[in-house]
Amino acid sequence: RYDQSLGVIMPPWTEFLGAVLMIAGGVLVLACAGVFAVHGRGTPALFDPPREFVALGPYRYTRNPMYIGGLTLLIGFSLYHRSVSMVLFSLLLFLLFHLFVVLIEEPGLGKRFGKSYHAYKETTNRWIPKLK
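Scope of this entry: the structure provided in the associated data block.

Calculation notes
- Residues numbered from 1 in each chain as written.
- Predicted model: local features only at pLDDT ≥ 70, side-chain atom pairs only at ≥ 80, totals over all residues.
- Heavy atoms only, no water.
- Phe/Tyr/Trp six-rings, centres within 6.5 Å; stacked < 30°, edge-to-face > 60°.
- Helix = DSSP H or I, 4+ residues; strand = E, 2+ residues; numbered from the N terminus.
- Buried < 20%, exposed > 50% of the residue type's maximum accessible area, 1.4 Å probe, protein only.
- Salt bridge = Lys/Arg side-chain N within 4 Å of Asp/Glu carboxyl O.

### Digging into the packing of aromatic side chains
- According to the stated counting rule, one finds 8 aromatic pairs in the structure shown.
- Judged by centre distance (5.5 Å) and plane angle (55°), the ring pair of Phe53 and Phe113 falls under tilted. Of the two residues, Phe53 sits in the loop between helix H1 (13–39) and helix H2 (65–80) while Phe113 sits in helix H3 (residues 84–123), which places them 60 residues apart along the sequence.
- The exposure class of Phe53 is partly exposed, given its relative accessible area of 26%.
- Here Tyr117 and Tyr120 contribute two aromatic rings whose centre-to-centre distance is 6.2 Å and whose plane-to-plane angle is 50°, an arrangement assigned as tilted. Of this pair, Tyr117 and Tyr120 are both found in helix H3, 3 residues apart, which corresponds to roughly one turn of the helix.
- The buried category is assigned to Tyr120, whose relative accessible area is 8%.
- The structure contains a cluster of three or more aromatic residues connected by ring pairs, namely Phe53, Phe113, Tyr117 and Tyr120.

### Some words on the pattern of salt bridges
- In the structure shown here, the tally under the stated rule is 3 salt bridges.
- Of the charged contacts, one joins Arg82 and Glu15 as a salt bridge, the two residues approaching to 3.4 Å between their closest N and O atoms. Within this pair, whereas Arg82 is found in the loop between H2 and H3, its partner Glu15 is found in helix H1, the two being separated by 67 residues in sequence.
- Where Glu106 meets Arg63, a salt bridge forms, and the shortest distance between an N and an O atom there is 2.8 Å. On the criterion of sequence distance, the pair formed by Glu106 in helix H3 and Arg63 in the loop between H1 and H2 is long-range, its members being 43 residues apart.

Here it is, written out as structure tokens:
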């Protein structure tokens, strides 16, 4: 396929890689939502956030697995459709996620969960998973 918006042709193997990334990202997002529902007694939705601090499941390895899963899914979709413009959009979206997390979400979690969140922040990376 040909990305008409940028005039770039991505190789056919990106479709397979994209499908794998879409599945992996989707599984990660569902796992995060499950942990929120069961252990956090809430959901990822802004109107029903977890009532308990969650540092289990995917959250043991990185502070933002939900964003990572969503971004992985979106990049997978972009590769599956062999669209360089969608990959670039995904990278821009990651920048916006990063700014939101740093400027809004982390300060809010610090206020809501206090010492437990601050200790978690010191031992768990924001984006790059840390295998424990």
